[in-house]
Amino acid sequence: MEKVSTLKKQAGRPVKAIKKEIRASIRFTKAEYFIIRNKASKAGIKASAYIREIAINGEVKIRLTEEERQFVRQIVGMSNNFNQLTKNSYKEGMLTTVFHFEAYRNRLDDLLKKFDYAK
């Protein structure tokens with residue numbers, strides 16, 4: 001009789017490429033930790049990721065606020081309107097397209113001014 005060798009799959013979780021092996025502990029007062037958690041939530045990340053990012057890079061890039069997200073959505077919607085304007089310019093003619101474009105350009109200028117003031 002011959003022995004038949006079978007290859008078994010390794011059980012468990014796959015090994016991570018970059019493993020966080022070292023644990024450093026740091027103590028905070030309740031007030032300090034509250035401030036860190038607030039700043040982390042404003043940045044949209046967990047407190048541990050915030051502390052790690054600050055320790056390595058010295059800064060955390062804050063995500064857009066809800067108001068800024070609304071401005072971006074409006075700009076995206078306007079870009080769709082610009083695309084429709086170019087399609088319609090072939091059908092209706094350039095004169096009517098120029099009037100529509102002027103109105104959208106003014107709205108875009110207003111939005112960009114509001115976005116600049118929001119920062």
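Every value quoted in this text rests on a predicted model; they were computed, and no experiment measured them. (Residues numbered from 1 in each chain as written. Predicted model: local features only at pLDDT ≥ 70, side-chain atom pairs only at ≥ 80, totals over all residues. Heavy atoms only, no water.)

## Description of the overall build of the protein
- Helix and strand counts for the protein come out as four helices and zero strands.
- Starting at the N terminus and walking to the C terminus, you meet the elements of the protein as α-α-α-α.
- Residue pairs at least 24 apart in sequence account for 34% of intrachain contacts in the protein once pairs closer than 6 positions are excluded.
- Of the roughly 11500 Å² of accessible surface on the protein, a fraction of 55% belongs to carbon and sulfur atoms. (Helix = DSSP H or I, 4+ residues; strand = E, 2+ residues; numbered from the N terminus. Contact = heavy atoms within 4.5 Å. Areas by Shrake-Rupley, 256 points an atom, 1.4 Å probe, with all protein chains shown as cover.)

## A look at the nonpolar core
- The biggest cluster of nonpolar side chains holds five residues, and these are F71, M78, L85, Y104 and L111.
- Elements with a minimum of two residues in this core: α3 (66-92) and α4 (94-118).
- Of all the elements, α3 adds the most residues to this core, at three residues.
- Setting aside residues up to four positions removed in sequence, L85 forms contacts with T97, H100, F101 and Y104. (Core = buried A, V, L, I, M, F, W, Y, C linked by side-chain atoms within 4.5 Å. Buried < 20%, exposed > 50% of the residue type's maximum accessible area, 1.4 Å probe, protein only.)

## Description of α3
- Taking 1.5 Å of rise per residue, 27 residues should cover 39 Å, and α3 covers 38 Å from first to last C-alpha, within 8% of that figure.
- Of the positions making up α3, those classed as buried are E68, F71, M78, L85 and S89.
- Phi turns positive one or two residues past the end of α3, at G93, with a value near 105 degrees. (Expected span 1.5 Å × (residues − 1).)

## Section: a positive patch on the surface
- Where like charges cluster on the molecular surface, the positive patch consists of R13, K16, K20 and R52.
- Inspection of the secondary structure puts K20 in the segment before α1 (30-43). (Patch = residues over 30% accessible without salt bridge, like charges linked within 9 Å, V, L, I, M, F, W, Y side chains within 5 Å. Salt bridge = Lys/Arg side-chain N within 4 Å of Asp/Glu carboxyl O. Lys, Arg positive; Asp, Glu negative; His and termini not counted. Charge placed at Lys NZ, Arg CZ, Asp CG, Glu CD.)

## Quick look at the packing of α1 against helix α2 (residues 47-57)
- α2 packs onto α1 with a crossing angle of 90 degrees between their chain directions and a minimal axis gap of 9 Å. One element, α1, and the other, α2, form an angle in the roughly perpendicular class. In contact with Y33, I36, R37, K39 and A40 of α1, α2 contributes A47, Y50 and I51.
- Tallied by class, residues from the contact of α1 with α2 come to six nonpolar, no polar and two charged. (Axes fitted to C-alpha atoms, helices over the stretch in contact; angles between N-to-C directions. Parallel < 35°, antiparallel > 145°, perpendicular 65-115°, else oblique. Nonpolar A, V, L, I, M, F, W, Y, C, P; charged D, E, K, R; others polar.)

Remember, this is a structural readout, not a statement about activity or role.
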